[in-house]
Amino acid sequence: LDKACLDELLRQARQRNPDALSRLVAEYSPRVYGLLYRLTGTPEAAEDLLQETFLRVVRTIEEYEHDGKFEQWLFRIAANLARDRARQLKRRGPQRALDDESGAAATQGLAAASVPAQPAEMLLRREEGERLAAALARLTAPEREILLLRHFAELSFKEIAELLEVPLGTALARAHRALQRLKEELGPARGA
Amino acid sequence: MSQVLRKLDDELSRELALLRRLPPVTLSRAAWERLDARVRDEARRLRWRRRLWRPELAGLAAALALCALWGGALNRWTDRAIVTAAAAPDASEALGDWLDAFERSSDRVQTLLVSDWLDAADDDPDRAVDEIFEALRELEGIGA
């Protein structure tokens, strides 16, 4: 979406135009879903949170003052909902803690979500992707969150720092640590 | 941004290309359609509510709700629907609570309150709405 198109869509969305809101859903839902899937580890939870994210957009779009940061606002809603859910799971019991749940579920969920393998090259790529997803799922929630926000939301680290309400240096350091851990988790076969 | 931070940003951004190898996850067609339908429904609902939320209509709806209560012609859910449709988001919940409190209050209190409000609604619907909320606060006091 170019800026003029997004501005016009948001103007109509503020008037609760169903077509404009539907267009925003079509435009942004794949990336928001990708983020939520990797944060929660299950398609069901990701779908629920995706729906809640866009319902909040519809309900609060009038409060959003368009300053060219719509994506930041949208992904903040999604990330906050994922955090709330993680907190709820933690409160219910340590066995359902976010890291454990998303670690296991993400690995299981990936098998179903992956493209069926074609010979050799695709199989290799798939295996590599699954290893990467499993490694990502073993990171702590804040580490995973910052990497996924950069990847799916396509926000700069400055924007992510604002979104997470931490100093830029903290966001960069956290991302750096997260990447180091991800590489460790992937092990020596990463480049193979 | 300092040079050090910029350098770190560049380096991290380059390394994060690694995540492009993640297997794609796709929202199913059925899930997407459910999402789209919910968003459209919510947009229509809020649009409709905003159109309805005008002082004169709110006064009328409040009077209707009171008549419904007084006559007992409509059941409790219908009363709530009328009030919810016409009231602002925060007010609808307050009125819902008020209806519960009203139903629990004595006949004498109900008679006094309803007759006053119906008179007020004839003359000045806006004032009637204000008085409903005033009475709500009083009823909360009675219930406490």
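Just so it is clear, the model here is predicted, and its values are computed rather than measured.

Draft legend 1. Just the confidence of the model for chain B, in detail. Residue and element names in this part refer to chain B. Here chain B shows a mean pLDDT of 66. Residues at 70 or above account for 34%. Least confident of the elements in chain B is helix α4 (residues 76–86), whose mean pLDDT is 45; most confident is helix α2 (residues 29–52), at 87. Below a pLDDT of 50 lies the segment residues 73–89, which in the model reaches 32 contacts outside its immediate sequence neighbourhood of four places, other chains included. On the interface metric, ipTM, the complex scores 0.77, and its pTM is 0.65.

Draft legend 2. View of the pattern of salt bridges. What the rule picks out here adds up to 23 salt bridges over all chains. The partner of A:R181 in a salt bridge is A:E185, and the shortest N-O contact between them spans 3.2 Å. Of this pair, A:R181 and A:E185 are both found in helix α9 (residues 168–186), four residues apart, which corresponds to roughly one turn of the helix. You can call A:R181 partly exposed: its relative accessible area is 25%. By relative accessible area, which is 26% here, A:E185 ends up partly exposed. Between A:K183 and B:E15 there is a salt bridge whose closest N-O contact spans 2.4 Å. Here the residue A:K183 occupies a position in helix α9, and B:E15 occupies one in helix α1 (residues 3–15), the pair thus bridging two chains. One network of salt bridges, with partners in common, ties together A:R138, A:E143, A:R181 and A:E185.

Draft legend 3. Fine view of the interface of chain A and chain B. Between chain A and chain B, the contact holds 47 residues from the first and 32 residues from the second. Between chain A and chain B, a total of about 3800 Å² is buried, with carbon and sulfur atoms accounting for 69% of that surface. The tally of links between chain A and chain B comes to five salt bridges. Linking chain A to chain B there are twelve residue pairs in polar contact (both at pLDDT 80 or more). Those elements that provide at least two residues to the side of chain A that touches chain B are α2 (18–40), α3 (43–60), α5 (98–113), α6 (121–137), α7 (141–153) and α9 of chain A. In terms of residue count, the dominant contributor to the side of chain A that touches chain B is α2(A) (eleven residues). Looking at the side of chain A that touches chain B residue by residue, the class counts come to 24 nonpolar, eleven polar and twelve charged.

What counts as what
Residues numbered from 1 in each chain as written. Chains lettered and ligands numbered in written order. Predicted model: local features only at pLDDT ≥ 70, side-chain atom pairs only at ≥ 80, totals over all residues. Heavy atoms only, no water. pLDDT = per-residue confidence, 0-100. Helix = DSSP H or I, 4+ residues; strand = E, 2+ residues; numbered from the N terminus. Contact = heavy atoms within 4.5 Å. Salt bridge = Lys/Arg side-chain N within 4 Å of Asp/Glu carboxyl O. Buried < 20%, exposed > 50% of the residue type's maximum accessible area, 1.4 Å probe, protein only. Buried area = accessible area lost by both parts, 1.4 Å probe. Polar contact = N/O pair within 3.5 Å; in protein donor to acceptor, adjacent residues only side chain to side chain. Nonpolar A, V, L, I, M, F, W, Y, C, P; charged D, E, K, R; others polar.

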